[in-house]
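If you want the building blocks of each chain, they are given just below.
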Amino acid sequence: MAGSTWRTAVFNLLRRWGLKDTKAFTADQVPQAPRQQRPQASDHGMQTVTLIPGDGIGPEISTAVMRIFEAAQVPIQWDERNVTAIQGPGGNWMIPPNTKESMDRNKIGLKGPLKTPVAAGHPSMNLLLRKTFDLYANVRPCMSIEGYKTPYTDVDLVTIRENTEGEYSGIEHVIVDGVVQSIKLITEDASERIAKYAFEYAVNNQRSSVTAVHKANIMRMSDGLFLRKCREAAENYKDIKFTEMYLDTVCLNMVQDPTQFDVLVMPNLYGDILSDLCAGLIGGLGVTPSGNIGTNGVAIFESVHGTAPDIAGADLANPTALLLSAVMMLRHMGLHAHAQRIQTACFNTIQDKRVLTKDLGGNAKCSEFTAAICERVQDLD
Amino acid sequence: MTLRAALCAVSRAVRPGRCGGLPLSRTFQVCGATIHASHPRQGSTYTPPPARYGGRHTVTLIPGDGIGPELADHVRELFWFCCVPVDFELVNVDSSLTAEDDINNAIMSIRRNGVALKGNLETNHNRPPSYKSRNNLLRTSLDLYANVMHCHSLPGVRTRHRNVDIMIIRENTEGEYSSLEHESVPGVVECLKIITRVNSLRIADFAFQTARQNGRRRITAVHKANIMKLGDGLFLECCKEVASGYPDIAFDTLIVDNATMQLVSRPQQFDMMLMPNLYGNVVSNVCAGLVGGPGLVPGANLGEHYAVFETGTRNTGRSIANRNSANPTAMLLASCLLLDHLKLHAYAHMIRRATLSTVTETRMHTADLGGQASTSDVIKSIRNAIQSTGPLTQSI
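Only a predicted model underlies this, so the values are computations on that prediction, with no experimental measurement involved.

1. Quick notes on the sheet that holds strand 4 (residues 86-90) of chain B
All names here are of chain B. Taken in spatial order, the ten strands line up as 4-3-5-14-13-6-7-12-10-11 in an open sheet, and their pairing is mixed. Edge positions in the sheet fall to strand 4 and strand 11 (250-255), since each of these pairs with one other strand and no more. Within the sheet, the average angular offset between the axes of one strand and its neighbour, ignoring direction, is 25°. Bridge count between strand 6 (residues 146-152) and strand 13 (residues 298-302): four bridges; the pairing is antiparallel. The partner of Val 148 across the bridge, within strand 13, is Ala 300. In the packing of helix 5 (residues 197-213) onto the sheet, contacts are made with strand 6, strand 7 (165-171), strand 10 (218-223), strand 11, strand 12 (272-275) and strand 13, and the angle to strand 7 comes to roughly 155°. The sheet strands contacting helix 9 (residues 329-341) are strand 3 (57-62), strand 4, strand 5 (115-118), strand 13 and strand 14 (307-311), and the helix crosses strand 14 at an angle near 160°.

2. Points about the interface of chain A and chain B
The interface of chain A with chain B comprises 50 residues on the first partner and 57 residues on the second. Summing the contributions of chain A and of chain B, the shared interface buries around 4,500 Å²; its carbon and sulfur component is 64%. It is A:Ile218, A:Arg220 and A:Met221 in chain A that bury the most area against chain B; as a group they hold 16% of the surface buried on that side. Run the count over chain A and chain B and you get one salt bridge. Here chain A is connected to chain B by 27 residue pairs in polar contact (both at pLDDT 80 or more). For the side of chain A that touches chain B, the secondary-structure elements that each account for two or more residues are strand 9 (166-176), strand 10 (179-187), helix 6 (220-235), strand 12 (241-246), helix 7 (247-256) and helix 8 (268-282) of chain A. Residue composition of the side of chain A that touches chain B, grouped by class: 28 nonpolar, eleven polar and eleven charged. Where strand 10 of chain A lies against strand 9 (residues 188-196) of chain B, nine bridges are found, and the strand directions are antiparallel.

3. Concerning helix 8 of chain A
Residues lying three or four places apart along an α-helix face the same way, a consequence of the helix completing one turn every 3.6 residues. Residue and element names in this part refer to chain A. Taking 1.5 Å of rise per residue, 15 residues should cover 21 Å, and helix 8 covers 21 Å from first to last C-alpha, within 8% of that figure. Buried residues dominate helix 8, accounting for 15 of its 15 residues. Phi turns positive, to about 135°, at Gly 283, one or two residues after helix 8.

4. Remarks on empty space enclosed by the protein
Any space left empty among the atoms is revealed by the rolling of a water-sized probe across them. All chains considered together, the criterion is met by three cavities of 30 Å³ or more. In terms of lining residues, the largest cavity is bounded by A:Glu167, A:Ser182, A:Ile183, A:Lys184, A:Met219, B:Glu176, B:Cys191, B:Leu192, B:Lys193 and B:Met228.

5. Examining the packing of helix 8 of chain A against helix 8 (residues 277-291) of chain B
How two helices pack is summed up by the angle between their axes together with the distance between the axes. At a minimum axis distance of 12 Å, the contact between helix 8 of chain A and helix 8 of chain B shows a crossing angle of 25°. Classified by the interaxial angle, the pair formed by helix 8 of chain A and helix 8 of chain B is roughly parallel. Read as a crossing pair, helix 8 of chain A and helix 8 of chain B show a hand that is right-handed. Across from A:Leu269, A:Tyr270, A:Ile273 and A:Leu277 in helix 8 of chain A, the residues of helix 8 of chain B making contact are B:Leu278, B:Tyr279, B:Val282 and B:Val286. Split into classes, the residues belonging to the contact of helix 8 of chain A with helix 8 of chain B amount to eight nonpolar, no polar and no charged.

Rules used throughout
- Residues numbered from 1 in each chain as written.
- Chains lettered and ligands numbered in written order.
- Predicted model: local features only at pLDDT ≥ 70, side-chain atom pairs only at ≥ 80, totals over all residues.
- Heavy atoms only, no water.
- Pairing = 2+ DSSP bridges.
- Helix = DSSP H or I, 4+ residues; strand = E, 2+ residues; numbered from the N terminus.
- Axes fitted to C-alpha atoms, helices over the stretch in contact; angles between N-to-C directions.
- Contact = heavy atoms within 4.5 Å.
- Buried area = accessible area lost by both parts, 1.4 Å probe.
- Salt bridge = Lys/Arg side-chain N within 4 Å of Asp/Glu carboxyl O.
- Polar contact = N/O pair within 3.5 Å; in protein donor to acceptor, adjacent residues only side chain to side chain.
- Nonpolar A, V, L, I, M, F, W, Y, C, P; charged D, E, K, R; others polar.
- Expected span 1.5 Å × (residues − 1).
- Buried < 20%, exposed > 50% of the residue type's maximum accessible area, 1.4 Å probe, protein only.
- 1 Å grid on protein atoms, 1.4 Å probe; cavity = no way out; pocket = protein on both sides within 12 Å on 5 of 7 lines; lining within 4 Å.
- Points joined across faces, edges and corners; volume = space filled by probe spheres on them.
- Parallel < 35°, antiparallel > 145°, perpendicular 65-115°, else oblique.
- Left-handed = near helix turned anticlockwise from the far one by under 90°.

Written out as structure tokens, the structure is:
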């Protein structure tokens, strides 16, 4: 996070003088100050956040979020950037340097849906962003939205997914014709990092338990390593209850009684499946927020639905997912009061059922829905 | 070679399309295309494993761990009560031992008898990688390549979704369950997921043939080929190839995360689902949860020559073991699948009808279904149901 470099230097000095543990601290390992006290890079009290509107309905929903934030008088100014793959000098694809520079400076980003290129010659933009900023943790809080009825009520859990390795390492070979092997990579460092993050998230967000999801009965070494690292991390957080559960048991119990779960931490593939399963429990990707946490304090919050090219530009999109991701962002930045106000306004509007976009069951326009939320936010002031 | 074995060998040669477990239509290869002769179930050319003495079948019974032993006892008692011509060869497998002798004995017994009923064997995942999962060993040694699970909503069982009717076909031997792992550099572990053309074609063919026999109209292949382009890409390619030979059955594909999302929001859209090993694990557990839980759904593991029946979600139920509170429905329905496999349809029908009526009509529910009945209450109710409507049984 911003401001931790001086702290690292101080700790290393103390270490050298023998007044601290011998292990040198890196920025990641520096114990974080409680979020409210963390010094923020601010300019007249305003914090700058990189905004990547994205493609398709991205620009509309980003505008909606900006309007709502304005109505709520959130002390944020937006630094709008575009993300299109460009080829660097070495021939490898990268995001535009000014976007990278903006993110490195602001540390916090909000992103709309990006188009996945087919046969464009470059990897997906999401993958590029993930690699550029080493976004190692994907966090999806899934909370039932009152007013948006699904067969599951009272869902309140968070899935934390390791985002860099695992089954998605992309390493595949054709051994002989007709035999393919895909390699699932589990490393000690990545597992340690995600486990630590999961417990820290639990502490920072008043969560009581963390469950590690694995299949170590079958994949003894790989998931066993992941599990070991989770157990080690649990040792440092005695207040948080730690349990381990097989992936199939989690799936079985999740569709019967999702209230028994709190924070779930898991490797890449299981995380992909489970986070989408949980999104389905609360109503789909159109209402699910998501955040990606990277090293060096970078965090990019995004909506995980598609670009919906069929309704792009028609003012029909539902901005709820991006709005809830922005609320997650506010919580991450310590602006809890603003976050709670905007979230309450959004949920109340949905619960009221008078002004709803088409996917939520109404027939209002995106701008009308946004206006209704803005009105409520101002009323809540 | 005995006369009987010779006759069996001859019959196998004459009927190349046989698949242990489910009667197959005759298949002929003509110019590379597979042609299937239609067959009504009655006119099937499949021969069940031969009975041993006096028309009685011998079936391997592996009680397993947790609730396995008590449920195995209930199955045995019920079979005795119904005068089912099946003798169980009990093979205990102690999963706490490191040596693999027990499981090898069980495998040998299944090779001898051809069919088995088993409970789940616990795998302690804190043991070193040299200790392999006993269940997995059994499946791969006997090449039980297809896992079949039929999840359907039962009236009288309260669930969030109604009218679910999904048949799940899961590749059972390869994929992520290949147990091939190594640590080339300390702190970096690689686990291999193997997909082969042969096995993918085989499971796809099995799925389409099963669909045809069971009147299924659509098969959805579940995959993650956008990420695992070569592995799941090969699986998809094989499915599409087989699908082209079955124009009467619709075929579509779905990415696994989207599939789970659709399953929890609108499971009624699925008919039959086909997938590799790990996704099958996830999807079958999700579907079992949707229709009422692990106590209700049986599963079948089928191979070319052997068939092993067990509960669909393969739980040991360690926390409820020996408390007389386990739900025996899944195990009893699995034993009915076994009886169907042995062509003892009348007995299968009798036990299945009694079991299902206990769940749906009498509504004698154990704790997992929200009721208060014990296992023995449910068994007693089933016996009463059989006694009142079935043929001559032993006296209670």
